[in-house]
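Breakdown of the fold
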Amino acid sequence: MPVFTGKRRTASRRPVSSRVVRGKLRLILIVSAAMLLWAAPARAADFKAGVATTDTTPATFDPANRMAEDTADFGAAAATACQAGGFNGDRQFRFEEPYKDNNNNHVFDVRQDVPCDVNGNKRWDGIYNSGAAEHLAQHVKEDDRPRARAFAISDGKKTTIFVSVTAEGIFQNYTEDMRAAALASLPAADRPNVSMVVSADHNESSPDTVGINGGFDPGINASAISGIDDYYLTYLTGQVAKAASDAFKAMAPANIYARQFRVPDNINIHLSNNWPTTEGIPGKDPNTQATAIDPKIGLLQARGEDGKPIFTVMSLAAHNQEIGHSKNSTTNTTLAADWPGYFERGLDSRLGAGTGIFMVGDNGSEEDPQTVPAVPASAAEDCPDGCFAQARATGEAFADAIAAQAPKAQRIRPGAVIADRKEFCAPLENNVFKAAAAGGVFGKRQTYTCPNGTPIPAGGGGDQLKSEVDVADIGPDLQLITNPGEAFPALMLGSPFGIEDSPCSGPDPADRTNPAIPTWRGHAAYRFQVGLANDLIGYEIPAWAYIDMAGVFDTTCSLDPNTGRDTKGHQHKLETEGVGPTASNRVANLSSSLLAKRPDPIAQIRLGRYVMPDGKLSRRAAGAVAVWLADRGSTSLKPGSGSIVALNGVGSFGSRAVERSGVFMDYDGADQSGPDITTRGMLTFACSGAPAARYYLNLYPALDAPASLGARQTGAPPVGCTFPGGGGGNTGGGGHPLGPPVPPKGCDGANVLHSRVGRHDIRVRSRSFAVRGTARESGCRVARLTAVTVAVSRRLRHHRCRFLLPTGRFGPVGSCRPRTPLSARGTSHWRLGVRGRLPAGRYLLISTAFDAAGRHERAGHHGDVVTFVVHRALRRHPQTGPRL
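Residues numbered from 1 in each chain as written. Predicted model: local features only at pLDDT ≥ 70, side-chain atom pairs only at ≥ 80, totals over all residues. Heavy atoms only, no water.

For the chain, the helix and strand inventory stands at 11 helices and 44 strands. A compact globule built from 884 residues should have a C-alpha radius of gyration of about 29 Å, and the chain, at 32 Å, falls within 12% of that. The principal-axis extents of the C-alpha atoms in the chain amount to approximately 120 × 70 × 60 Å. Taking all 884 residues of the chain together, 58% fall into the buried category. (Helix = DSSP H or I, 4+ residues; strand = E, 2+ residues; numbered from the N terminus. Rg over C-alpha atoms; globule rule 2.2 N^0.38 Å. Buried < 20%, exposed > 50% of the residue type's maximum accessible area, 1.4 Å probe, protein only.)

Structure (structure tokens):
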């Protein structure tokens, strides 16, 4: 007499006539034909897109045509007065005011020469190169000229325009003028529906637009007299506005494609050894200690209805300053676009059509990229760290990478173009910047007072700046997240550092709180960072990492003057080039608030820690196999609290069972094949393969937690469905990152999905349980089978149950509704094995099939529900069924 009995609940079967069979075949053929017609046609263009380029290089000055050019630039009266006054110094470019060359060295010298101060701003307006103070521009690299490149995207109602400009930075007052000029050139009816962002690409071999590179340098590596040429800024405003309006006017039907990928191995982006981008260990190579960087390249492409590129954008966190910082005096006085210029033209030639555009990302302490290997020192003077041969090689290497990746880009879904902007007051906490603003170094940039947050102009004597953050949504799948400076990736993307690492604890007049992380609030599959956007407020660093350097800030958080390190031993360098900690936090918090207007519905930001294989907890993701999430509102990870999400195969840590299986994810919510420096949490999947929940790990606060959970126990089936990370697109390892296929009406799960377990397919041993079965689709086949789950419950009295866990133990007593589904291996033929002993008793097994369209066997109508009985505990022999 068998010790196992079981039965399967199935519907009764009746013979089917040949007429019915023929009718069903005819219906299947009709449905199949309809499906082909539904799927075959390509979608019409979802958006409109346009692109335009303008040259922003100042024209060369022609002494033979001096009167005409000066009249055009300064007005007839000024041209006549300057010429009559004997202001005959040599000039290289248009827009440079005449001057008297008293020392007869043929270039303007602020110490001896006398300008013809046409505009009365009490300084000479000339073209200084932005690489260093007192570098007057002398030449132009004709094959690498500075430019403005604009792209426009519209949903037919709203339009957003982004302009990337070859410039070190452009202040908010000037970008306001550029926006106004561009809109003024558009039809009045369109203006309310157009937004515009101007992003300087942080080029340091272009005309000085931020003022700190004029003459002379009083020993602070920046000028005490503004290097801004007001006439050039007027010209630049017009050229940027023209690029933007021309891109708008050039818009044509288009589809938008996006992709993200790692910087290829043949290019290396150098890092500056600054905490919290690196650990800030003095004397140690920063490229070996990176902890919070942005190593991803964003690719954005618009293609016309003919499939040809309209524009192709590369978003990258990097500087471009090698030409401006070259030690060669000819190179560093040459106006050029550096490696981005070579990239843009190289991409144009490789793709055969369209306009390449470089758009800078969060480049705080992420320095210049170079090819691996770099060009040899023999290629030209000051190679490889400041020569055009290296700039060309780097730009063309990026062009090769983008050209290779562009065909792999995903077409984003249609949707609205939405632009959000938030103006704010940025406290001017940097005492050096205050003095520079008062002295007019920043040109026409206004300072403000901000009672109740309302900016009131205060000339150069205010203690606030007006700035802004922006977010642009391009349909549901793409977001462009802007910030007004050189953001450290730690501010915008998060970092592994915690409050114990901060040297800034205790009372302080500055804001030292942990800011919100903007990109974690994004909802799109593709989230591109845009730096130096609509303003430049310098470096943006999390407030808890900001350090005072030689009295620059009014704060108690300072470097040790003897060691040059903070109280935790970190090295710093760039704080003097930022407005201050409060402004940095404000950028992150306001950007996060804009993104939170349209949040990711499956995202959660939770306190927690990474869990290592031995059960120890860490803020670092490398080597981790799980995350332990604190309960909402709790700052404790006490035993039995919170929830654990672990990699597939990890069933428990010590006696603590895993609540959910998942994969690691990066700061954009994209799945990963394993944890690394970009990891910011874990991602779980629905059984369709689509993302189900994103858990971002807020590591900064202190947590009350044990030293270890206990060593991991492996070999367990997943809890819920999981898929390999990093293999199926930007956000879903096994599924559809930009949305699943949509089944036609009538193709619900109950009609088309069936799973089956045979009576002899269940095997109970003394220390294990196994089951196998099949699954299939019938009828409306629009998507592949993705998963089969199995829920096994032990039936108790009073309609109560305990469900089998992946550890082989049983969960708490509760409802008999299917809970704790375990994921089987395989789909059309599947199996499940669990280590553990099934006590004597009555059991119910429910298998459920799923597909990529999100369909599943309808609750209450499962393809197979099996009951079985274990009559007594076994020692070694199986109760029934074949070996699996």
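It is worth spelling out the state of the cysteines at this point. In total, this model carries 6 disulfides according to the counting rule given. Paired by a disulfide, C687 and C721 hold their sulfur atoms 2.0 Å apart. Judged by the sign of its S-S torsion, about 85 degrees, the bond between C687 and C721 is right-handed. Remark: C721 occurs in the loop between β35 (712-714) and α11 (749-752) and C687 occurs in the loop between β33 (679-685) and β34 (691-698); sequence separation between them is 34 residues. An identical accessibility class is assigned to C687 and C721; each is buried. Across the disulfide from C801 sits C816; the S-S distance is 1.9 Å. Between C801 and C816 the disulfide shows an S-S torsion of about 95 degrees. By sign, it is right-handed. You can see C801 sitting in strand β40 (residues 801-803) and its partner C816 sitting in the loop between β40 and β41 (822-823), a full 15 residues away along the chain. (Disulfide = S-S within 2.5 Å.)

Read from one edge to the other, the open sheet built from 3 strands follows the order β30-β29-β35, with strand pairing classed as antiparallel. Because the sheet does not close on itself, it has two edges, and the strands there are β30 (656-657) and β35. Relative to β35, strand β29 (residues 650-653) is paired through 3 bridges, and the arrangement is antiparallel. Across the sheet, residue S652 finds its bridge partner in β35, namely Q713. (Pairing = 2+ DSSP bridges.)

To continue, consider helix α6 (residues 338-351). Since the α-helix packs 3.6 residues into each turn, any two residues three or four apart lie on the same face. Its 14 residues give α6 an end-to-end C-alpha distance of 21 Å, which sits within 8% of 20 Å, the value for a rise of 1.5 Å per residue. Of all the residues in α6, the buried ones are D338, W339, P340, G341, Y342, F343, E344, G346 and L347. At its buried positions, α6 is contacted by β6 (147-154), β12 (309-316), β14 (355-360), β15 (366-371) and α7 (388-405). Just downstream of α6 lies G352, where phi reads positive at about 80 degrees. (Expected span 1.5 Å × (residues − 1). Contact = heavy atoms within 4.5 Å.)

With that out of the way, let us pick up the packing of aromatic side chains. One pass over the full model with this rule turns up 25 aromatic pairs. Taking the centre distance of 5.3 Å and the plane angle of 85 degrees together, the rings of Y99 and F108 count as edge-to-face. Each member of the pair Y99 and F108 is classed as buried. Put simply, the rings of Y99, F108, W124 and Y128 touch in pairs and so form one group of aromatic residues. (Phe/Tyr/Trp six-rings, centres within 6.5 Å; stacked < 30°, edge-to-face > 60°.)

All right, on to the pattern of salt bridges then. Per the counting criterion, the structure on display carries 39 salt bridges. Linking D348 and R149 is a salt bridge whose minimum nitrogen-to-oxygen distance equals 3.4 Å. Placement of D348 in helix α6 and of R149 in strand β6 is noted, with a sequence separation of 199 residues between them. Judged by relative accessible area, which is 23%, D348 ranks as partly exposed. Salt-bridge contacts for E777 lead to R855; the nearest nitrogen and oxygen are separated by 3.4 Å. Separated by 78 residues along the polypeptide, E777 in strand β38 (residues 768-777) and R855 in the loop between β43 (841-851) and β44 (864-870) bring together distant segments of the chain. For E777, a relative accessible area of 11% puts it in the buried group. R855 sits in the buried class, given a relative accessible area of 5%. Through salt bridges with shared partners, a single network forms among K141, D143, R392 and E396. (Salt bridge = Lys/Arg side-chain N within 4 Å of Asp/Glu carboxyl O.)

It is the contact of α6 with α7, at a shortest axis distance of 7 Å, that shows an interaxial angle of 45 degrees. What the angle tells us is that α6 and α7 run oblique. For α6 against α7, the interelement crossing comes out right-handed. Between α6 and α7, the residues in contact are D338, W339, Y342, F343, G346, L347, R350 and L351 and F388, A391, R392, T394, G395, E396, F398, A399, D400, I402 and A403, respectively. Of the residues contributing to the contact of α6 with α7, the split by class is 11 nonpolar, 3 polar and 5 charged. (Axes fitted to C-alpha atoms, helices over the stretch in contact; angles between N-to-C directions. Parallel < 35°, antiparallel > 145°, perpendicular 65-115°, else oblique. Left-handed = near helix turned anticlockwise from the far one by under 90°. Nonpolar A, V, L, I, M, F, W, Y, C, P; charged D, E, K, R; others polar.)

What follows deals with the side chain of S467. Mapped onto the fold, S467 is located in strand β20 (residues 464-474). Among the polar contacts listed, one links the side chain of S467 to the side chain of D535, at a separation of 2.7 Å. (Polar contact = N/O pair within 3.5 Å; in protein donor to acceptor, adjacent residues only side chain to side chain.)

Moving on, we come to the environment of Y843. Among the structural elements, Y843 can be located in strand β43. With a relative accessible area of 1%, Y843 lands in the buried category. Along the backbone, Y843 and F528 are 315 residues apart, and their C-alpha atoms lie at a distance of 51 Å. Setting aside chain neighbours within four positions, we find Y843 in contact with V792, S793, R794, R795, F810, L838, V866, T867, F868 and V870. Among the polar contacts listed, one links the side chain of Y843 to the backbone oxygen of P839, at a separation of 2.6 Å.

Once that is clear, we can look at the packing of helix α2 (residues 66-74) against helix α3 (residues 76-84). Packing of α2 against α3 leaves a shortest axis separation of 7 Å and a crossing angle of 130 degrees. On the basis of their axis angle, the class for α2 and α3 is oblique. With respect to the hand of their crossing, α2 and α3 are arranged in right-handed fashion. Facing R66, M67, D70, T71 and F74 of α2, the residues of α3 in contact are A76, A78, A79, T80, C82 and Q83. Taken together, the residues of the contact of α2 with α3 sort by class into 6 nonpolar, 3 polar and 2 charged.

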